[in-house]
Amino acid sequence: MIILNIIQLVLLGFWTLFFVYILTLFLPSKATLWLTVHLWAPVNSFIVLSPIKSKGIEHLDPNKNYIFMANHSSFFDIPCLFYASKRMLHFLAKEELRHNIFTGFMLKKIQMIFIERGNAQKSATSMRHAVDLISQGMDIAIFPEGTRTKDGNLNSFKKGGFKLAISSQTDIVPVTIKNSAKAWSRSNIRFRPTKVTVCFGEPISVQGLSENDAVLLSNKVSNIIKQELQK
């Protein structure tokens, strides 16, 4: 199993480098994002030997855009969301990922939204960029825990994403990702063949809400995900 894990890790690295710096290097952003959804993510699933199943996708209107709020326990969560939703998602990502040799160039190219924690002014600029993308009909994906959980339990949610949903008047889709940490551990060097399920809840309307309701909205989404994880 150790030898297989090493092979998988090497393949994941080579696949991402090939995808970013050769296959999509001269493609426009939209084409690169489409290939990220329909090629990069499925190949990741194949290398990890963990099939991804979607549940509740019928809740989503193909003619509407949403803010997807998901639990986060593994790097595998990102390809899982792309693969299961088949949507051209724009993730909110921490600033340090902008400089990652494997993914930084691609993340910038496909218009991921970088948040610099601890810098209120730059964070506000990032949120305005997110609002601009939403106004253009784009989907946003957020891990409201802010980082991967260490023990598999759901951590408390940060409120920024919920304020974004309210200010942009965009419905929230609660997303529960099951077993991704078993498939691809937090250590990033241990993989176990596992069926990963991505459960899309019914969209939650934010019509009529104000920023004062962000905490209640956060609790509602957290409870939905927590209940789904316990099933």
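Residues numbered from 1 in each chain as written. Predicted model: local features only at pLDDT ≥ 70, side-chain atom pairs only at ≥ 80, totals over all residues. Heavy atoms only, no water.

Draft legend 1. Local environment of unusual backbone geometry. Positive phi is not limited to glycine here, since Q111 has a value of about 65°. With respect to the helices, strands and loops of the structure, Q111 is situated in the loop between α4 (104-109) and β4 (113-115). One non-glycine residue with positive phi stands out, namely N179, at about 75°. As for its position among the elements, N179 is in the loop between β6 (172-178) and α7 (180-183). (Helix = DSSP H or I, 4+ residues; strand = E, 2+ residues; numbered from the N terminus.)

Draft legend 2. The arrangement of helix α8 (residues 214-229) in detail. For α8, with 16 residues, the first-to-last C-alpha span of 22 Å sits near the 22 Å given by 1.5 Å per residue. Turning to α8, its buried residues number three or more, namely A214, L217, S218, V221, S222, I225 and E228. One side of α8 holds all its buried residues, which, seen down the axis, span an arc of 130°. Across from the buried face of α8, at angles greater than 90 degrees, the exposed residues are L216 and Q227. For α8, the elements touching its buried residues are β1 (52-55), β2 (67-70), α6 (160-168), β6 and β7 (196-200). (Expected span 1.5 Å × (residues − 1). Buried < 20%, exposed > 50% of the residue type's maximum accessible area, 1.4 Å probe, protein only. Arc of directions from axis to C-beta. Contact = heavy atoms within 4.5 Å.)

Draft legend 3. Fine view of the pairing of strand β5 (residues 139-142). A two-sided burial pattern is seen for β5, the buried positions comprising D139 and A141 on one face and I140 and I142 on the other. Bridge count between β2 and β5: three bridges; the pairing is parallel. By the bridge assignment for β5, M69 is matched with I142. Pairing geometry for strand β3 (residues 89-94) and β5, over three bridges, is parallel. Bridging across to β5, F91 finds its partner in A141. (Pairing = 2+ DSSP bridges.)

Draft legend 4. Local environment of the sheet that holds β7. If you walk across this open sheet you meet the seven strands as β1-β7-β6-β2-β5-β3-β4, and the pairing is mixed. Every interior strand has two partners, whereas the edge strands, β1 and β4, have only one. The sheet shows a mean angle of 25° between the axes of neighbouring strands, taken without regard to direction. Sheet contacts for α8: β1, β2, β6 and β7; angle to β6, the most-contacted strand, approximately 30°. (Axes fitted to C-alpha atoms, helices over the stretch in contact; angles between N-to-C directions.)

Draft legend 5. Spotlight on the packing of aromatic side chains. The tally for this structure, following the rule as stated, stands at ten aromatic pairs. Centre to centre, the rings of F68 and F200 are 6.1 Å apart; their planes meet at 80°, and the pair counts as edge-to-face. One end of the pair, F68, is in strand β2; the other, F200, is in strand β7, and 132 residues separate them in sequence. We classify F68 as buried; its relative accessible area is 1%. You can call F200 buried: its relative accessible area is 3%. Here a set of aromatic residues connected by ring pairs shows up, and it is made of W15, F18 and F19. Above the ring of Y83, the side-chain terminus of K86 is found at 4.0 Å from the ring centroid. A cation over a ring is seen here: R148 above F75, with NZ or CZ 4.1 Å from the ring centre. (Phe/Tyr/Trp six-rings, centres within 6.5 Å; stacked < 30°, edge-to-face > 60°. Lys NZ or Arg CZ within 6 Å of the ring centre and 35° of its normal.)

Draft legend 6. View of the nonpolar core. Membership of the largest hydrophobic core comes to 40 residues, with the highest contact counts inside it found for F68, L81, V175 and V198. For this core, the secondary structure elements donating two or more residues are α1 (2-23), α2 (29-48), β2, α3 (77-85), β3, α4, β6 and β7. Examining the composition of this core, we find that seven residues originate from one element, α2, more than from any other. In this view, V175 contacts F68, M69, A70, N71, L81, V198, C199, F200 and I225; residues no more than four positions away in its chain are not counted. Counting 23 residues, the second largest nonpolar core, distinct from the first, contains I142, A214, L217 and V221. (Core = buried A, V, L, I, M, F, W, Y, C linked by side-chain atoms within 4.5 Å.)

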